[in-house]
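Observations on the model geometry
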Amino acid sequence: MIICAVGVFIDISVITVAPIALAIGKKAGYHKEALLLAMIGGGKAGNIISPNPNTIAVSEAFKVDLTSLMMKNFIPAICAVVVTILLSTMLSKKQGVQVTENDLEQKEDKNLPSFIQAVAGPVVVVILLALRPEQR
């Protein structure tokens, strides 16, 4: 939800989060279907409050400030996350395809960036999105 809430498209966020979701799902015993529903549902919930073209078009059509419209959509987004959690939990209790070792990325000794280097890019993007100049 958080990744999509800052304007990242759902397909990109799913690709980004999928390895993490598979690793957590394997340890928690969730099925692939439940993980996919959780990722897509969270993405859609974030899309409700993101500065995407639909939100911008609605704010311009009704002459409402984009930031205030995004804040008003926060409660429906939280409701969508709660429904997604409930549905994913119910789906995880049914029969489904389990996450296997072949689905997970194999650990290799890589030169990984530091935490500061890893979050610098996303933080800059969020700041730039927040500083969006107001159009009149």
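Fair warning: this is a prediction, and the values are worked out from it, not measured in the lab.

Glancing now at helix α6 (residues 74-92). Taking 1.5 Å as the rise per residue, α6 with 19 residues should run 27 Å; its terminal C-alpha atoms sit 27 Å apart, in good agreement. Listing the buried residues of α6 in full gives A77, V81, T84, S88 and S92. What you see down the axis of α6 is that its buried residues fit within an arc of 60°, all on one side. Residues I75, L86 and M90 are exposed on α6 and point more than 90 degrees away from its buried face. Elements in contact with the buried residues of α6: α3 (32-49).

Our next topic: a nonpolar patch on the surface. On the surface, L37, V83, L87 and M90 cluster together to form a nonpolar patch covering roughly 340 Å² of accessible area. Sorting elements by how many residues they give to the nonpolar patch places α6 first, with 3 residues. Relative to the helices and strands, M90 resides in helix α6. Of the residues examined, M90 reaches a relative accessible area of 53% and is grouped as exposed.

Rules of the game
- Per-chain numbering applies: the sequence of each chain, read as written, is numbered from 1 onward.
- Where totals are concerned, whole chains, interfaces and linings use all residues; where local detail is concerned, this predicted model gives features only for residues with pLDDT of at least 70, and gives and counts side-chain atom pairs only at 80 or more.
- Side-chain measures here rest on the full set of heavy atoms in the structure, leaving out hydrogens and waters.
- In DSSP terms, a helix is any run of H or I states spanning at least four residues, a strand is any run of E spanning at least two, and both are numbered starting from the N terminus.
- Each residue after the first adds 1.5 Å to the expected span of a helix.
- Three exposure classes are used, based on accessible area relative to the maximum for each residue type with a 1.4 Å probe and protein chains only: buried under 20%, partly exposed in between, and exposed over 50%.
- Directions from the helix axis toward the C-beta atoms define the arc.
- A contact between two residues is defined here by any heavy atoms of the two lying within 4.5 Å.
- Here the term patch refers to residues with relative accessible area over 30% and no salt bridge, with like charges joined within 9 Å and nonpolar side chains (Val, Leu, Ile, Met, Phe, Trp, Tyr) within 5 Å.
- Surface exposure here means Shrake-Rupley accessible area, sampled with a 1.4 Å probe, where a residue is shielded only by the protein chains that are shown.
- Each salt bridge in this description consists of a side-chain nitrogen of Lys or Arg and a carboxyl oxygen of Asp or Glu lying within 4 Å of one another.

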